[in-house]
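# Coordinate inspection notes
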Amino acid sequence: MKFFKYILLILIFSFLYTNANTSVNLSGTVYYNNSGEPVASAKVFVREINRYMQADINGRYSIDLSQGDYTLIASTDDVSGYPKTISVDKTKEVDLTIDTMVTKFDDVLIEDTKTNRFGMSNMLPVDGASIYAGRKSESLYLDNLTANLASNNARQVFSKFSGLNIWENDASGIQLNIGGRGLSPNRVSNFNTRQNGYDIAADALGYPESYYTPPMEALEKIELVRGAASLQYGTQFGGFLNFKLKDGSKVKPVDIISRQSMSSYDNFSSFNSIGGTYENMNYYGFLQYKKGNDFRPNSNYNALTFFIKNAYQITNDLSITAEFTHMNYLAQQSGGLTDAMFLDNPEQSVRDRNWFSVNWDILAAVLDYKINNDLKLNSRVFYLDAERDALGYLIRPDRADPMEDRTLIKGTFQNLGNETRLLYNYNMVESLPSTLLTGFRIYNGRTLQSQGFGDSESGANFDYSSNEMLNDYTNPSMNYAFFTENLFKLSPNLSITPGIRYERITTGSEGYYSNIVKDLAGNVIKQETISEDRSNTREFILLGVSAGYNIAEDLETYINISQNYRAVTFNDMRVINPNMRIDSDLRDENGYSGDIGIRGTVGSLLYFDANFFYLYYYDKIGTVLKEDQETYTSYVLKTNISDSRSVGAEIFTEMNMNTLLGLSNGYELNYFFNGSYTNAIFLESKEAAYNNKKVEYTPPIIFRTGVSYKEEGFSAALTYSYTMEHFSDATNAISAPGSISGIIPSYDVFDLSMSYKFDLFKIETGINNILDNSYFTRRATGYPGPGIIPAMRRSIYFTVGVTP
C-alpha cells in the first residue's frame with residue numbers, strides 16, 4: 001500500500017499545484033480560404049502540447065500558452081488547413097484558414113499529419129477527456145478503408161489491428177467476435193465495449209457480451225486500447241474498444257448518403273443516413289436494413305438498426321448531446337457439425353428449428369463543459385433496455401433431432417450508468433504541460449434470465465410452452481468506481497503517467513433451478529427444484545503506470561503495466577446445457593498486463609508499431625473436456641483452471657510504396673504487414689493434466705498482409721489472412737464426441753475489394769474468400785451450435801452509393 005500512498009500524494013500535489021509561470025493568451029478566427037467565411041466549431045490543434053480546442057459558432061478560438069514556438073492546425077471533420085508555425089511572446093491574435101480542397105486531418109491524427117495517409121495510427125497522449133500516453137493504442141479511420149463494410153466483414157475491417165483472433169459465424173456480421181492475447185473472442189466479452197464512449201454490452205459486470213455491433217458504414221473510426229485501459233474504463237483484461245460514429249456535416253445543413261448492397265446467397269443491405277449543421281445544432285442519423293442467408297441451409301436473417309444524434313452548442317463552452325440507438329434482428333441458426341460432417345460436406349445443416357432474436361435499445365446523453373482553458377468536464381449518462389431470446393435443440397450434432405419441445409433461454413437487460421471525468425491541464429515546469437484526469441463511475445444493472453421449454457414446432461415462437469421452468473433468476477449488479485491518472489511531463493521528450501482505480505462491485509443471483517437426473521435410457525429418475533439467493537460484494541484497488549519517451553519528433557517508445565480484474569458473469573453462475581456444466585465454486589479472475597514497444601513514422605515512407613506484451617491471469621476461467629461417470633457422456637466444464645501466462649510480440653507496419661520505389665505521385669500504392677506471436681499456457685494447476693497446456697482459442701501465429709491502390713476516385717485492396725492451428729479447450733483435446741471440443745486447424749483467406757467514385761455515385765464490389773476455402777474458426781458448446789461452425793465460403797458483393 002506504500003506505492004498507492006506515494007501515488008496518491010503525488011496526484012494530490014499536482015492537482016493543488018499552482019502554475020506560477022507567465023502565460024500568454026492566443027486567440028483568433030478560423031476562416032475558409034476560398035470564401036473568407038468563418039468556420040463554425042472548427043478544431044485548432046497545438047502540436048507541441050498535444051492539445052486541441054474547439055472554436056465557437058463564429059470560428060473564434062482562445063487558449064493560454066507559455067512563451068515559445070508552436071505549430072497550429074485548424075480542421076473540421078471534412079477538411080483541414082496546413083500547419084502554421086508561430087512564436088508566442090505576448091498576447092497575440094492569429095487567424096487560421098482551411099482550404100476545402102485539402103485532405104482531412106482529423107484531430108486524433110493531427111499530431112503527425114503524415115500518418116493520416118495510412119488510416120491507422122496510435123491515439124493522442126491526451127484526447128478529449130482521456131489520457132492514452134504510454135499505452136498500446138490503435139485507431140482506424142473507416143474512410144480510408146476499402147472493404148466490404150455493408151456486411152461488417154470483421155476479417156477485413158480489423159485486419160490492421162494487431163493480434164486479434166476473429167470468430168466468423170455467419171454472413172450477416174450482426175455480432176462481432178474478437179479476442180487476443182489468450183482471451184476468448186466470444187461477443188467481445190473480454191473488452192470494455194462502447195459506442196461513442198458509453199456502454200453497449202448486455203451488462204458490463206455480470207454479462208459483458210455485446211449482441212449489438214454498429215454498422216461499419218456509420219463509423220468514423222474504431223479505437224482500441226489494450227489492457228492498460230483498465231484504470232480509466234473498467235476491469236476487462238482485453239482493454240477498451242470504442243466505435244466512434246460519424247457526426248453530421250459541419251459545412252452543410254443537410255447531407256444525405258444512401259448505399260444499397262447485394263451479395264451472394266441473397267444478401268441485401270440498405271444503409272441510409274442524414275446529417276448536417278443548423279445554427280447551433282449538429283445532427284446525424286442512419287437507418288440500416290439487412291436480410292439474407294448464410295451459405296448453409298436454415299440460416300436466413302433480417303435486421304434493422306436505427307440511430308439518431310443531436311448535439312447542441314448551448315454556449316461557446318457548453319454543449320449537450322443526446323443519442324438513441326435501436327437494433328432488432330431475427331436469425332435462424334444452422335447449428336453445428338461434427339468433424340466427419342464438416343469433412344463430408346461443410347454446407348450441410350442438421351438443425352432447422354434453432355432461432356435467435358435480439359432487441360436492443362440504448363439512450364445516452366453527453367455533457368461537455370469547458371470550465372476554462374485548462375479545466376474540462378465530460379459526463380455521460382447511458383441507459384440500456386434489451387432482450388435476447390435463444391430457441392433450439394442443443395444436443396450435439398451427431399444426435400438426431402427428436403422433434404420434441406425445444407430449449408428456450410430468455411434474457412432481459414436493464415442498465416443505467418453515469419461516467420463523469422474532469423481533465424485539468426497545468427504546468428509544473430515552464431513549457432512542460434502536465435494533465436490530471438480524475439473521475440467516477442456509477443452503474444446499476446438488472447438482468448432477468450430464465451430457461452424452459454419452447455414448443456415442438458419449427459418456427460420462431462419465443463413463448464414458453466408450459467410453466468415448468470429449468471431455471472428463473474433475477475441478477476442485480478451495482479458498481480461504484482473512482483479513478484485518477486496524472487500525465488507528468490518530466491522533460492520535452494519524457495512523460496510518465498501513474499494511475500489508480502477504486503472499485504466496489506456487487507453482483508447477485510436470486511431464483512431457482514431444476515436438478516434433473518436421467519438414467520442411460522434418458523428416463524428421469526430424480527427431479528428437484530433448488531432455490532438460491534446469493535450476493536457478493538468486493539472492493540479492490542487497481543494500480544498502474546505508463547511512460548513514453550520521444551526518441552525523435554516522429555518516433556516514440558512506450559511502456560506500461562496495469563492490474564486487471566474480471567468478475568464471474570451471470571452465465572458462469574447457472575446454465576442448463578447438456579454439453580456444458582458450471583463449477584459451483586467458480587471464483588473471480590484477476591491479474592495484470594503490460595506492454596513495451598516503439599511506434600512512429602519515417603517521413604512519408606511508413607507508419608509502424610511494434611511491441612512485446614505480457615499478461616498474467618490468476619484463476620483463469622476456461623473450459624475442459626470431462627466425462628460423466630454415470631452416463632459416460634462427454635461434456636465441457638467451465639471452471640477456474642489455473643493461473644495462465646500469455647507472452648508475445650505484435651507488429652504492424654504500413655508502407656508508402658511510391659516513396660520507397662520512387663513511383664509516380666499520380667496514384668497511391670501502400671503495403672501493410674500485421675503479425676503476432678502468442679505463447680499462452682496454464683501454470684500451477686491443481687490438476688497436473690493442465691500444466692503447461694495451451695490456453696484455448698489462442699493461435700500461436702496470426703498473420704495478415706495486404707496491398708492497396710488509389711487513383712482519381714478508384715481504389716482497390718487485396719488482403720491475406722492466416723491463423724495458425726490452436727485448441728478450443730484447456731485439455732488441448734484433438735477431438736471429442738459431438739465435436740464440441742477439439743482442434744481448430746490452420747486456415748488462410750484472400751479478400752479483394754474495389755471502389756470507384758464519380759460525380760454523386762460510388763460503386764463498390766469485391767470477393768470475400770476468393771479461393772473458396774473451407775474452414776472453421778470455433779467449436780460451440782451452445783448457440784449457435786453445438787459443434788463446428790463453418791466459416792463463410794466465397795461471396796461476391798456489389799454496392800451502389802449515392803450522395804445527392
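Definitions and limits used
Residues numbered from 1 in each chain as written. Predicted model: local features only at pLDDT ≥ 70, side-chain atom pairs only at ≥ 80, totals over all residues. Heavy atoms only, no water. Salt bridge = Lys/Arg side-chain N within 4 Å of Asp/Glu carboxyl O. Helix = DSSP H or I, 4+ residues; strand = E, 2+ residues; numbered from the N terminus. Buried < 20%, exposed > 50% of the residue type's maximum accessible area, 1.4 Å probe, protein only. Phe/Tyr/Trp six-rings, centres within 6.5 Å; stacked < 30°, edge-to-face > 60°. Pairing = 2+ DSSP bridges. Core = buried A, V, L, I, M, F, W, Y, C linked by side-chain atoms within 4.5 Å. Contact = heavy atoms within 4.5 Å. pLDDT = per-residue confidence, 0-100.

### Focus: the pattern of salt bridges
Per the stated rule, a full pass over the model turns up 39 salt bridges. A salt bridge links Lys-410 to Asp-389, with the shortest nitrogen-to-oxygen separation between them at 3.3 Å. Of this pair, Lys-410 sits in strand E26 (residues 407–429) while Asp-389 sits in strand E25 (residues 375–392); the two residues are 21 residues apart in sequence, bridging distant segments of the chain. Using a relative accessible area of 23% as the deciding quantity, one classes Lys-410 as partly exposed. The shortest N-O distance in the salt bridge between Arg-396 and Asp-398 comes to 2.8 Å. Among the residues examined, Asp-398 registers a relative accessible area of 37% and is labelled partly exposed.

### Details of the packing of aromatic side chains
The full count for this structure, using the stated rule, is 33 aromatic pairs. Residues Phe-673 and Phe-703 carry aromatic rings whose centres are separated by 5.2 Å and whose planes lie at 55° to one another, so their mutual orientation is tilted. A residue pair is termed long-range when its members are at least 10 positions apart, and Phe-673 in strand E36 (residues 668–683) and Phe-703 in strand E37 (residues 701–711) qualify at 30 residues. Consider the rings of Tyr-756 and Phe-758, whose centres lie 5.5 Å apart with planes at 25°: the pair is stacked. Exposure remark for Tyr-756: the relative accessible area of 39% places this residue in the partly exposed category. Owing to a relative accessible area of 34%, Phe-758 belongs among the partly exposed residues under this scheme.

### Comments concerning the pairing of strand E38 (residues 714–723)
In terms of residue burial, E38 counts as a mostly covered element, since 7 of its 10 residues are buried. Relative to E38, E37 is paired through 10 bridges, and the arrangement is antiparallel. Paired with Lys-710 across the bridge in E38 is Ser-715. Two successive antiparallel strands, E37 and E38, enclose a turn made up of 2 residues, where Glu-712 displays a positive phi of approximately 45°.

### Focus on the sheet that holds strand E17 (residues 219–225)
Strand pairing in a sheet relies on backbone hydrogen bonds. The paired strands run either parallel or antiparallel. Pairing in this open sheet of 6 strands is mixed, and the strands run E9-E12-E17-E18-E15-E16 from one edge to the other. In this open sheet, the two strands that pair with only one neighbour each are strand E9 (120–121) and strand E16 (198–199). Across 4 bridges, the pairing between strand E15 (residues 192–195) and strand E18 (residues 240–245) is parallel. When the bridges of E18 are listed, Arg-194 appears paired with Asn-242.

### Digging into the nonpolar core
One finds Phe-158, Ile-178, Ile-222, Leu-241, Phe-243, Tyr-329 and Trp-360 to be the most contacted residues of the largest nonpolar core, which totals 65 residues. Examining the composition of this core, we find that 5 residues originate from one element, strand E24 (residues 354–372), more than from any other. Aside from chain neighbours lying at most four places away, what touches Ile-178 is Phe-158, Leu-164, Asn-165, Ile-166, Ser-184, Pro-185, Val-188, Phe-191 and Leu-241. Within the second largest apolar cluster, 21 residues are counted, among which are Ala-55, Leu-65, Ala-74 and Leu-96.

### Looking at the confidence of the model for the chain
When pLDDT is averaged across the chain, the result is 88; 91% of the residues are at 70 or more. Under a pLDDT of 50 for its full length, residues 1–22 has, in the predicted model, 33 contacts with residues more than four places off or in other chains. Scored below 50 in pLDDT, residues 100–116 shows 62 contacts in the model against residues more than four places distant or in partner chains.

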